[in-house]
Amino acid sequence: MFIDKDEIRKLFKEGKLNTQEDLQSILSSIIKDVVETIYEGELTELLGYSRYDKSSKETNNSRNGYSNKKVKSNYGEIELSVPRDRNGEYDPKIVKKRQTDITGIEEHIISMYAKGMTTRDIQAHMESLYGLEFSAEAISRITDKVLERAKEWQNRPLEPIYAIVFLDALFYKMRLDGVIKNVAVYAIIGITLEGKKECLGIWIMETESAKFWLSVLNELKNRGVEDVLIFSIDGLPGLNEAIRAVYPESEIQRCIVHQVRNSLKFVSYKDRKELARGLKAIYTSPTEETGRIELDRLNEKWGKKYPNVIKSWETNWLELSTLFKYPPEVRKLIYTTNPIESFNSKLKKVTKNRGVFPTEESLFKLLYLAINDISSKWNGRIRDWSKIYPQLYIYFQERIDRFTNG
């Protein structure tokens, strides 16, 4: 089944399609036809024979007329004729027995889109499942309806304080001014004082700078985030300066995993295992003092051969050594940006079927839907939060008490 464009043109020429009410009437009529066609298909599947093919009937059940029901839709109230079977076995799937709202068809399409299905996948799915033909443009228009919701989400008020905030980037190809370029999507995840994860927003940017990060952090502040106890970052350029400008009281922990990965990038393969053991001795030290001693030992052994490795650890020591003041449970949470990298990998899984995004809006729309789907499963608290929060409260009691009852 599909919308007959010639019929639409004919109605327009005849003056029967001049107002929004005319359009809604046509659309509600189409939706009625679509749903009733699906009803018939569902009943045929149950009975095993079509309305006019009783010769293939192999059941004692049969059709038994129709009942009427009214449902709400995006195009007004629609009266549907629901087929019945004599044995009362037919249980409608497309619009359930007690369902009074059928906007779910569009929500079903949006849900498939959110799980990474392309418009072509959705077209094939809807046709095979329901015998419906949706054009790519129609599916795009349906999913476009989430843009307003997505923009509201991106600008929603946030918690006044977050225990920990993670930042990381992932990259996509986008067509910009007729040229395919790589763009970065920066995602921010916050951990509330209750230990719950929350995606605070996503920002799409072609280039990165301290000015960009300053604008993002100022946006968070304008949306109500007055304080962040600890930022866990992966060393994005300009980010630490921007954090100190907007949240001067916040502690910053540079991701150890990223630091080690970058350190080993240019190390000879034959030296890699031994040098990696030396790096591990640094970040697993019980105190900052012993960590510093291990760094000096590493310098003595490898400083001349790999001076850039030692220089990087010494330059970033302030942000690499934050974790030493905390117990194992807190260290495990903040020493790496894994919580957001796991989140990003799920986004990548959803978007893997896309090659090049035509616009920023198309990318933002899909990521928003994917984030909604992912975050709907964030029901519990961070592991060991009952041990982590008391530690954070002791370290940051005065700041936490500003926003709680203590």
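Residues numbered from 1 in each chain as written. Predicted model: local features only at pLDDT ≥ 70, side-chain atom pairs only at ≥ 80, totals over all residues. Heavy atoms only, no water.

## Points about the sheet that holds strand S6 (residues 227-233)
Read from one edge to the other, the open sheet built from five strands follows the order S5-S4-S3-S6-S7, with strand pairing classed as mixed. On the outer flanks of this sheet lie strand S5 (197-205) and strand S7 (251-254), each paired with one strand and no other. Each neighbouring strand pair of the sheet contributes to a mean axis angle of 25°, computed without reference to strand direction. Sheet strands touched by helix H7 (residues 210-222): strand S3 (161-176), strand S4 (179-191), S5 and S6. Its angle to S5, the strand with the most contacts, is close to 140°. Its contacts with the sheet place helix H8 (residues 239-246) against S3, S6 and S7, and it is angled at close to 175° to S6. (Pairing = 2+ DSSP bridges. Helix = DSSP H or I, 4+ residues; strand = E, 2+ residues; numbered from the N terminus. Axes fitted to C-alpha atoms, helices over the stretch in contact; angles between N-to-C directions. Contact = heavy atoms within 4.5 Å.)

## Quick word on the nonpolar core
Tyr172, Trp313, Phe343, Leu347, Leu363 and Leu392 are the most contacted members of the largest nonpolar core, which has 65 residues in total. Here the element with the most residues in this core is helix H16 (residues 360-375); it accounts for nine residues. Look past the residues within four positions of Leu347 in its chain and what remains in contact with it is Leu170, Tyr172, Leu367, Ala370, Ile371 and Ile374. By size, the runner-up hydrophobic cluster in this structure holds 26 residues, among which are Tyr162, Ile188, Leu220 and Phe231. (Core = buried A, V, L, I, M, F, W, Y, C linked by side-chain atoms within 4.5 Å. Buried < 20%, exposed > 50% of the residue type's maximum accessible area, 1.4 Å probe, protein only.)

## Some thoughts on the packing of aromatic side chains
Inspection of the entire model under this criterion finds 14 aromatic pairs. An angle of 70° between the planes, with centres 5.0 Å apart, marks the rings of Tyr186 and Trp213 as edge-to-face. Here Tyr186, found in strand S4, pairs with Trp213, found in helix H7; they are 27 residues apart in sequence, far enough to count as distant. Neither Tyr186 nor Trp213 differs from the other in exposure class; each is buried. Ring geometry for Tyr389 and Tyr393: centres 6.1 Å apart, planes at 35°, overall tilted. Highlighted residues: Tyr389 and Tyr393, both in helix H17 (residues 385-401), separated by four residues, approximately one helical turn. Judged by relative accessible area, which is 23%, Tyr389 ranks as partly exposed. (Phe/Tyr/Trp six-rings, centres within 6.5 Å; stacked < 30°, edge-to-face > 60°.)

## Thoughts on helix H12 (residues 307-315)
Considered for burial, the residues of H12 that qualify are Val309, Ile310 and Trp313. Around the axis of H12, the buried residues are gathered within 95° of arc, so they sit on the same side. Of the residues in H12, the exposed ones pointing more than 90 degrees away from the buried face are Asn308, Lys311 and Thr315. Of the surrounding elements, those touching the buried residues of H12 are helix H9 (256-264), helix H10 (269-283), helix H11 (288-302) and helix H13 (317-320). (Arc of directions from axis to C-beta.)

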